Amino acid sequence: MPRLVQHNSHGPKQVGNPKDNLWICQCGLAKTQPFCDGSHKLTLDESEEKLYQYDANLQRKELPIE
Ligand code: FES
């Protein structure tokens, strides 16, 4: 069953010892969950007033806000 989940973050959160360089995905787009793979860069030009949906190929479309 598909599920829509809203994410508002545009970047990862570093966890553990900084020398381990572990970053947890907070944008929801990483294919390497729970770890960041850099896909959050696709969200950097999003407008805060708009709603977006990304498909499995990380293609973005804008959704109407009701
Ligand atoms: S925070 Fe999601 S891919 Fe980097």
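As shown above, the structure is provided for reference.
Residues numbered from 1 in each chain as written. Predicted model: local features only at pLDDT ≥ 70, side-chain atom pairs only at ≥ 80, totals over all residues.

Asks: So what exactly am I meant to see when it comes to the environment of Tyr-54 here?
Replies: For Tyr-54, the location among the structural elements is in strand β3 (residues 51-54). Of the residues examined, Tyr-54 has 16 C-beta atoms within 10 Å and is grouped as partly exposed. Residues Tyr-54 and Leu-29, 25 residues apart in the sequence, show an inter-C-alpha distance of 8.0 Å. Setting aside chain neighbours within four positions, we find Tyr-54 in contact with Leu-29, Gln-59 and Arg-60. (Helix = DSSP H or I, 4+ residues; strand = E, 2+ residues; numbered from the N terminus. Buried ≥ 20, exposed ≤ 12 C-beta atoms within 10 Å, placed from the backbone. Contact = placed C-beta atoms within 7 Å.)

Asks: Teacher, can you tell me more about the pairing of β3 here?
Replies: A regular strand carries its side chains on alternate faces of the sheet. Sheet topology places β3 next to strand β4 (residues 60-63); four bridges connect them, and they run antiparallel. When the sheet's bridge partners are listed, Leu-51 is paired in β4 with Leu-63. Hairpin remark: β3 followed by β4, antiparallel, with five residues in the connecting loop; positive phi at Leu-58, about 65°. (Pairing = 2+ DSSP bridges.)

Asks: Mind showing me how you'd approach unusual backbone geometry here?
Replies: Cis geometry marks the peptide bond from Gln-33 to Pro-34, where omega comes out at 10°. Looking at the secondary structure, you find Pro-34 in the loop between β2 (22-24) and β3. Although it is not a glycine, Asn-21 adopts a positive phi angle of roughly 55°. Position of Asn-21 relative to the elements: it lies in the loop between β1 (13-15) and β2.

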